[in-house]
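Here are the chains, one letter per residue:
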Amino acid sequence: MDKKKTLAIFCGSSSPRNIKYIEKAKDLGHKLVKEKNWNLVYGGASVGLMGAVSDAVLRAGGRVYGIIPKFLVSRGVQHHDLYSIEIVDSMHERKALIYDRADAFLALPGGFGTLDEIIEVTTWHQLRLHNKPCFILNLDGFYDGLLKLLNNFSKEGFIKTTDLNILQEVKTVDDFLAKL
């Protein structure tokens, strides 16, 4: 990896029903390079939001580092045009490498895997295993339910109020880039 800052993206590998998520992923990828001069590290897939954001970073002249487990390569979802792709043995190894190589984390809309990854890095921040910023891009209220759930956890005493601020909500790509 080079000396530029690197953003880890967590997002869906499925094609969303609403095309706006694809458009926002492309906008993010383009602006990440053109406005911030950052690289991208992610799960190495060519499909869904993962493919859209990585393709946009590449088209803008940025470097994309993919890390993908062997079993996903065998499913034919590996992106073949990245600056660098590492094929690893497990999801655990994939996540550890992504987390280590990132300077910040952002969750776009996604499913179980996206939720797992952003919650894990937020937990690690809470435990002081890293001090990297963690964001969710709450496009059109996509993450409203999660934020309500986390606030309930805090209200019930399971998350300190101050720790709720670890996972920073941003509502637009430009809002995110301003905070980055």
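See above for the structure.
Bear in mind that the values here come from a model prediction, so they are computed numbers and not experimental data. (Residues numbered from 1 in each chain as written. Predicted model: local features only at pLDDT ≥ 70, side-chain atom pairs only at ≥ 80, totals over all residues. Heavy atoms only, no water.)

Undergrad: Would you mind showing me how to read the nonpolar core here?
TA: Soluble globular proteins tend to pack their nonpolar side chains together in the buried interior. Among the nonpolar cores identified, the biggest contains 34 residues, and Leu7, Ile9, Leu28, Leu106, Leu108 and Phe176 are the most heavily contacted of them. Of all the elements in the fold, those that place two or more residues in this core are strand E1 (6-10), helix H1 (20-34), strand E2 (39-42), helix H2 (48-59), strand E3 (64-69), strand E5 (104-107), strand E6 (134-137) and helix H7 (173-179). With six residues, the single largest contributor to this core is H1. Not counting residues up to four positions away in its chain, the partners in contact with Ile9 are Leu28, Leu40, Val41, Tyr42, Val53, Leu106 and Leu108. Membership of the second largest hydrophobic core comes to 23 residues, among which are Ala107, Ile118, Leu150 and Leu167. (Core = buried A, V, L, I, M, F, W, Y, C linked by side-chain atoms within 4.5 Å. Buried < 20%, exposed > 50% of the residue type's maximum accessible area, 1.4 Å probe, protein only. Helix = DSSP H or I, 4+ residues; strand = E, 2+ residues; numbered from the N terminus. Contact = heavy atoms within 4.5 Å.)

Undergrad: In this structure, what is going on with helix H5 (residues 112-126)? I would like to understand it.
TA: Three- or four-residue spacings in an α-helix give side chains the same orientation, since the helix completes a turn every 3.6 residues. Here H5 spans 21 Å end to end across 15 residues, near enough to the 21 Å set by a 1.5 Å rise per residue. Listed as buried for H5 are Thr114, Glu117, Ile118, Val121, Thr122 and His125. All buried residues of H5 project into a common sector of 125° when viewed along the axis, lining one side. Residues of H5 that are buried in the fold lie against E1, helix H4 (91-101), E5, E6 and strand E7 (167-170). Phi for Arg128, located one or two positions after H5, is positive at around 65°. (Expected span 1.5 Å × (residues − 1). Arc of directions from axis to C-beta.)

Undergrad: Looking at this model, I keep getting lost on the packing of aromatic side chains. Mind explaining?
TA: Two measures describe an aromatic ring pair: the distance that separates the ring centres and the angle between the ring planes. This structure, assessed with the given rule, holds eight aromatic pairs. With 5.9 Å between their ring centres and 10° between their planes, Phe10 and Phe105 make a pair best called stacked. In this pair, Phe10 is assigned in strand E1 and Phe105 in strand E5, connecting sequence segments 95 residues apart. One exposure class covers both Phe10 and Phe105, and it is buried. Between Tyr99 and Trp124, the ring centres sit 5.0 Å apart and the planes meet at 90°, which makes this aromatic pair edge-to-face. Of the two residues, Tyr99 is situated in helix H4 and Trp124 in helix H5; the sequence distance between them amounts to 25 residues. An aromatic cluster of at least three residues, connected via ring pairs, comprises Phe10, Tyr99, Phe105 and Trp124. (Phe/Tyr/Trp six-rings, centres within 6.5 Å; stacked < 30°, edge-to-face > 60°.)

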